[in-house]
Amino acid sequence: MISLAARDILHAWGKFVFTGIGLGLLIGVTLTMAGVYRGMVDDARVLLDNSGADLWVVQKDTLGPYAESSSIYDDVWRGVRGMPGVARAANVTYLTMQVRLGDHDVRSMVSGIATGEPGTPGWPPQLVAGRQITRGHYEAVADIATGFKLGDRLQIRRNHYTVVGLTRRMVSSNGDPMVFIPLKDAQEAQFLKDNDAILQQRRRTAENPVYNPPGIPGMLDGVIAAQSTNPFVNAVLVQVAPGSRPDEVAEGIRRWKRLTVYTRGQMEDILVGKLIATSAKQIGMFLVILAVVSAAIVAFIIYTLTLGKIREIAVLKLIGTRNTTIAGMILQQAVALGLIGFVVGKIAATFGAPYFPKHVLLLPRDSFAGLLAVVVICVLSSIVAIRAAIKVDPAEAVGG
Amino acid sequence: MDGKGIGITGLKKRYGRGDTAVDALKGVDMEVAPGEVVGLIGPSGSGKSTLLKCLGAVIEPTSGRMRLGAEVIYDDGWKVKDIRALRRDRIGFVFQAPYLIPFLDVTDNVALPSMLAGVANAEARQRAVELLQALDVGHRARAMPSQLSGGEQQRVAIARGLVNQPPVILADEPTAPLDSERALAVIRILNEMARKFETAIIVVTHDEKIIPTFKRIYHIRDGVTYEEEGEGRGFE
Amino acid sequence: MKWPAMQKRTLALLAVLLPLAVLFLYVALTSGPLAPVPVIAGTVENRSIAPALFGIGTIEARFRYRIGPTFAGRVQRLEVDVGDQVQGGQVIGEMDPVDLDDRLRAMDAAQKRAEAQLREAEVRNDHARKEAHRYQLAFRERSVSEEIAAAKQQENLVTEEGLKAAREELSRIVAERQAVKALRTDLKLVAPVGGLVVSREGEPGTTVVAGQVVVEMIDPASVWVDVRFDQITAQGLKAGLPARILLRSQENRVLTGRILRVEPLADAVTEETLAKVIFDELPEPLPPIGELTEVTVSLPTLPEGPVIPNAALQRSDGQLGVWQVAGGKLRFTQVVLGSADLDGRVQVRQGLQAGDRIVVYSEKALSARSRIKVVEHLSGVEP
């Protein structure tokens, strides 16, 4: 017995392949959509991975530093460092802002990292070019997605920073690429207003008799100095000593330092469960819609293809073809169409993914699920066509 | 007759029930011997199509008796289990239009009923090619149906009807789309095939060109057949 | 199949489907977790490095003279303005004397009166002494009673003490007058040394309290840089080391200097070590006081040793080390680091030998299970 489905496909391969490619693009969009969701989750995860921390010490009762703003004194780390089970503790600041290069700017998350050696919590774990920061000021390591190059002079607030290193996949949970600068500069950048604002603030302070009482020279200077320092950071990143359990160390800090501490798992819950929950649902809705649309299109295509062959099917039945053979033919065609579509979609999604502004992560697991879904959708949508084919009366082939 | 060919007696077919019931066939008798080509002629609405469908085991008659070869296949109810196999193996169809499967080439179109019957592909194809050669379309064996002329297509359709060497072939207006020369050629082929494969062939037609070629003609009118001697011209 | 008509069609279909299948395989194998991580490998070099320290400083003057009145008063005149050069001892302004002159005149009068009183006491004393002498002689001749002679003697002694009091009163008045006079002179604000006026805080008419600065001046020759080094990276900082100084206003001009001293007191709040850097040669024009500078201090060149780029350093399971490439396999090697220079080179004390192959750059964080592919260029990075 020959394969009727294969022969039909061979006969009309152009139509078939192009339909498959069209379907493939739709599947590609669906896979990309799933990839966008995975990318968002991955963005959150890499943010946590790249920080190199086991624990996040943040302002009491906040969900900081990523999901909410958090600010703690920059000497809190010393006390945290002294807690049992803490191997390393480092200050860190995060500030999402426009980083200027020449006359264009790039939205990025500027992270202030504590002085130290590579491997300190908060430092970019790996580079793709250049070197890590060695000077305590005015050097930057940028994610390659910012478009900056080695040697570029960035402007963050009023200071210029030289890009000395490039890294990859260092993004905020929003997918904004990160720029790492020394902590002290970052504290200043976080606090520093423009010169005009500073001037006005000084004037206001000077005009306030409380801060500038007659007869006490020098008080104003002290007040202004106090106003223009920023002793805050957003979080302390903690690495736990080998052999200590992060939960226990976190509990100790919570209890004795009266700060909020998150472990890796809790942080992931916050980022994935709270920060991107709505976006994830949004994408989930789109996925459902795309799946329904894909199913409808496959069903429509298969149904149309079958209706176009009603006469042939009648003849086939008349000359004694079994219903199962005909159903099999339609089913095989639907699945073949789905497979072509899947292959095209997978290829399109993979090649298209790097061009998306945000990270699109295509997991083999998703692809596999996508393949299963495509096959199931094809099988289900061929049911309509199969029903139509089975209802064809062989008598139709015999005229009038 | 001698238990070959096809024979029907008192075949009735009623569509619908009660007051609206229509009796399409009111007791048809027909006997076609192997190797014989008979004409079945009647106006529209005479029950011609219904008779053809009953003969082709496409629809079920209401009552009567049908014999195919030595076997009674219908006696107030089907006597064979697998109607589809019956259609596939023992009845050949030739239609007004060739109705070839467009996605199969000529050989496979002809070989398909054989393959459906479980004959190995190679064997079925070989039989098909032989048949096509016998029908003078052997040179188009590898072509697709769409590449053939109308006459060639009809010959391929005849080959398909013959491939399982059925005891009976039902031809429904096989010459309608053809000019008289080709129509006569088709009839000649049917006669040759009938003789060669010992097949009973019933040709439903109202094509004036070919009516004179039948030796025996069944007229059907209002669900009743009348047998008539034909002129039987042209092929002796 | 042996059917040419089929074959053509089949070939056409294969021509479309085969590349698709090949692409699909390629896509499946080169993306996702199955794909090897592209890395750039480097070799541990044996070389010497010149470590350096980097700090941020501000231009400051070593000597700042804050000149103001010693008592509350009103500024009468100021003769210098910001930017003026002044000589040592030059009068640069004056406070309003208000009633000082009147008080001086009162003191003059008081002095004259005291002088008159002194003379009066002298006259009295002279007369009393003569009387006492005469009565003494008369008593000796028994012409007066002893009582009278003793009374005159006592009178003489009293006037002598009155004379002493009048003298002391005069010196008091004189001293007082001199004090007022000195005050009158101190109204002048005088430059203690030659220098540059850097600020003028009061204008004529302003009332200032004692000790409030009216004019601030510096000695331009004493300009230095107050530099702050992060304590973590301040190892090896000591006086005498050469420094390169970059002014924020003149980024292309490198000034040279050296560390004058490292402050014994560090900044505990900012975790910085403070140091003073002086210029080898004063920049001309003088940079404004308070300008931001970047200071790079060169430490002595270290002897040769295994050196790696700091980009290669990773932390895995809490240990600092590098990914060593051996026969296409990854191995994490712990290292003990020595000094580093500012160009990102780090000496390795333990763990690596010169010539070892290590991963310098990678597209993803590596783990011991990572498959790697050593490449020349990473995608997206301009060579």
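Reading the values: the criteria
- Residues numbered from 1 in each chain as written.
- Chains lettered and ligands numbered in written order.
- Predicted model: local features only at pLDDT ≥ 70, side-chain atom pairs only at ≥ 80, totals over all residues.
- Helix = DSSP H or I, 4+ residues; strand = E, 2+ residues; numbered from the N terminus.
- Rg over C-alpha atoms; globule rule 2.2 N^0.38 Å.
- Buried ≥ 20, exposed ≤ 12 C-beta atoms within 10 Å, placed from the backbone.
- Contact = placed C-beta atoms within 7 Å.
- Expected span 1.5 Å × (residues − 1).
- Pairing = 2+ DSSP bridges.
- Nonpolar A, V, L, I, M, F, W, Y, C, P; charged D, E, K, R; others polar.
- Axes fitted to C-alpha atoms, helices over the stretch in contact; angles between N-to-C directions.
- Left-handed = near helix turned anticlockwise from the far one by under 90°.
- Core = buried A, V, L, I, M, F, W, Y, C linked by C-beta atoms within 7 Å.
- Parallel < 35°, antiparallel > 145°, perpendicular 65-115°, else oblique.
- pLDDT = per-residue confidence, 0-100.

## Quick word on the overall build of chain C
Then, number 1: A tally of helices and strands in chain C yields three helices and 24 strands.
Then, number 2: For 383 residues, the compact-globule estimate of 2.2 N^0.38 gives 21 Å, and chain C exceeds it by more than 25% at 46 Å.
Then, number 3: Across its three principal directions, the C-alpha atoms of chain C cover 185 × 45 × 35 Å.
Then, number 4: Buried residues in chain C amount to 25% of all 383 residues.
Then, number 5: In chain C, once contacts between residues fewer than 6 apart in sequence are set aside, the share between residues at least 24 apart is 73%.

## Considering the overall build of chain B
Then, number 1: Of the regular secondary structure elements, chain B holds six helices and 10 strands.
Then, number 2: Taken over C-alpha atoms, the radius of gyration comes to 17 Å for chain B, in line with the 18 Å a tight globule of 236 residues would show.
Then, number 3: The dimensions of chain B, computed from C-alpha atoms along their principal axes, are 55 × 40 × 35 Å.
Then, number 4: A total of 236 residues make up chain B; the buried ones form 51% of that total.
Then, number 5: Contacts spanning at least 24 positions in sequence make up 68% of the contacts within chain B whose residues lie at least 6 apart.

## Some thoughts on unusual backbone geometry
Then, number 1: Between C:Glu284 and C:Pro285 the backbone carries a cis peptide bond, its omega angle lying at 0°.
Then, number 2: Considering the arrangement of structural elements, one finds C:Pro285 in the loop between strand S15 (272-279) and strand S16 (292-298).
Then, number 3: Although it is not a glycine, A:Arg169 adopts a positive phi angle of roughly 55°.
Then, number 4: On the secondary structure map, A:Arg169 appears in the loop between strand S8 (159-167) and strand S9 (178-182).

## Considerations on helix H5 (residues 195-207) of chain A
Three or four residues apart is the spacing at which side chains of an α-helix point the same way, because the helix has 3.6 residues per turn.
Then, number 1: Counted at 1.5 Å a residue, the expected span for H5(A) with its 13 residues is 18 Å, and the 18 Å between its end C-alpha atoms agrees.
Then, number 2: Counting buried residues in H5(A) gives zero out of 13 residues, a small share hidden from the surface.

## Looking at the pairing of S16(C)
Residue and element names in this part refer to chain C.
Then, number 1: A one-sided burial pattern is seen for S16, the buried positions being Thr293, Val295 and Val297 and the unburied ones Leu292, Glu294, Thr296 and Ser298.
Then, number 2: Judged from the seven bridges that link them, strand S3 (residues 52-61) and S16 form a sheet pairing that is antiparallel. For glycine 55, the partnering residue across the bridge sits in S16 and is valine 295.

## As for the interface of chain A and chain C
Then, number 1: Residue-level contacts link 42 residues of chain A with 45 residues of chain C.
Then, number 2: Contributing elements (two or more residues each) for the side of chain A that touches chain C: helix H2 (13-51), strand S5 (129-130), S8 and helix H11 (323-352) of chain A.
Then, number 3: Counting residues per element, the side of chain A that touches chain C draws most heavily on H11(A), at five residues.
Then, number 4: Taken together, the residues of the side of chain A that touches chain C sort by class into 20 nonpolar, 14 polar and eight charged.

## A short note on the sheet that holds strand S11 (residues 215-218) of chain C
Residues and elements named next belong to chain C.
Then, number 1: The sheet built from four strands is open, its strands ordered S4-S11-S9-S6 with antiparallel pairing. Bordering the open sheet on either side are strand S4 (64-67) and strand S6 (85-86), each of which pairs with just one other strand.
Then, number 2: As paired elements, strand S9 (residues 195-200) and S11 share four bridges and run antiparallel to each other. Within S11, the residue paired with arginine 200 across the bridge is valine 215.

## What about the sheet that holds strand S13 (residues 242-247) of chain C?
Residues and elements named next belong to chain C.
Then, number 1: Around the barrel, six strands lie side by side as S3-S12-S15-S14-S13-S16; this closed barrel has antiparallel pairing. Looking at each pair of strands side by side, their axes are set apart by 40° on average, direction ignored.
Then, number 2: Taken together, the five bridges between S13 and S16 define a ladder with antiparallel strand orientation. Residue pairing in the sheet places leucine 247 in a bridge with threonine 293 of S16.

## A closer look at the packing of helix H9 (residues 277-307) of chain A against helix H12 (residues 364-391) of chain A
All names here are of chain A.
Then, number 1: Taken N-terminus to C-terminus, the directions of H9 and H12 make an angle of 35°; their axes are 8 Å apart at the nearest point. Taken as a pair, H9 and H12 cross one another with a handedness that is right-handed. Residues Ala291, Ser294, Ala295, Val298, Ala299, Ile302, Tyr303, Thr306 and Leu307 of H9 touch H12, and the partners they reach there are Ala373, Ile377, Cys378, Leu380, Ser381, Ser382, Val384, Ala385, Ala388 and Ala389.
Then, number 2: Partitioning the contact of H9 with H12 into residue classes produces 15 nonpolar, four polar and no charged.

## A word on the nonpolar core
Then, number 1: Among the nonpolar cores identified, the biggest contains 207 residues, and A:Val57, A:Val236 and B:Leu190 are the most heavily contacted of them.
Then, number 2: In terms of residue count, H2(A) provides more of this core than any other element does, 14 residues in total.
Then, number 3: When neighbours within four sequence positions are excluded, A:Val57 is seen to be in contact with A:Val80, A:Ala235, A:Val236, A:Val238, A:Ile253, A:Leu259 and A:Val261.
Then, number 4: Ranked by size, the runner-up nonpolar core spans 32 residues in total, among them C:Phe54, C:Met95, C:Val227 and C:Ile245.

## What about the pairing of strand S4 (residues 63-68) of chain B?
Residues and elements named next belong to chain B.
Then, number 1: Sheet topology note: the strand S1 (residues 6-15)/S4 ladder contains five bridges and is antiparallel. Bridged to lysine 12 within S4 is serine 63.
Then, number 2: Connecting S4 to the next strand, strand S5 (residues 71-75), in antiparallel fashion are two residues, including glycine 69 with a positive phi near 60°.

## Concerning the environment of A:Ile340
Residue and element names in this part refer to chain A.
Then, number 1: Assignment of secondary structure puts isoleucine 340 in helix H11.
Then, number 2: Considered as a pair, isoleucine 340 and phenylalanine 368 are 28 residues apart in the sequence and their alpha carbons are 14 Å apart.
Then, number 3: The residues touching isoleucine 340, leaving out its near neighbours within four places in the chain, are Val17, Gly20 and Gly24.

## What about helix H3 (residues 146-186) of chain C?
Residues and elements named next belong to chain C.
Then, number 1: End to end, H3 covers 61 Å across 41 residues, agreeing with the expected 60 Å (1.5 Å per residue, within 8%).
Then, number 2: Buried within H3 are the following residues: Lys152, Asn156, Thr159, Leu163, Ala166 and Ile173.
Then, number 3: Buried positions along H3 lie against helix H2 (100-140).

## Digging into the packing of H2(C) against H3(C)
What describes two packed helices is the angle between their axes and the distance between those same axes.
Residue and element names in this part refer to chain C.
Then, number 1: Between H2 and H3, the shortest axis-to-axis distance is 7 Å and the interhelical angle comes to 165°. What the angle tells us is that H2 and H3 run roughly antiparallel. For H2 against H3, the interelement crossing comes out left-handed.
Then, number 2: Of the residues that constitute the contact of H2 with H3, the class distribution is 20 nonpolar, eight polar and 17 charged.

## Quick word on the environment of C:Gly355
Residues and elements named next belong to chain C.
Then, number 1: Position of glycine 355 relative to the elements: it lies in the loop between strand S22 (345-350) and strand S23 (357-362).
Then, number 2: Owing to 10 C-beta atoms within 10 Å, glycine 355 belongs among the exposed residues under this scheme.
Then, number 3: Among residues more than four places away in sequence, those in contact with glycine 355 are Thr43 and Val44.

## Describing the confidence of the model for chain B
Then, number 1: For chain B, the mean per-residue pLDDT works out to 82, and 97% of the residues sit at or above 70.
Then, number 2: Least confident of the elements in chain B is helix H2 (residues 83-90) of chain B, whose mean pLDDT is 81; most confident is strand S3 (residues 37-41) of chain B, at 88.

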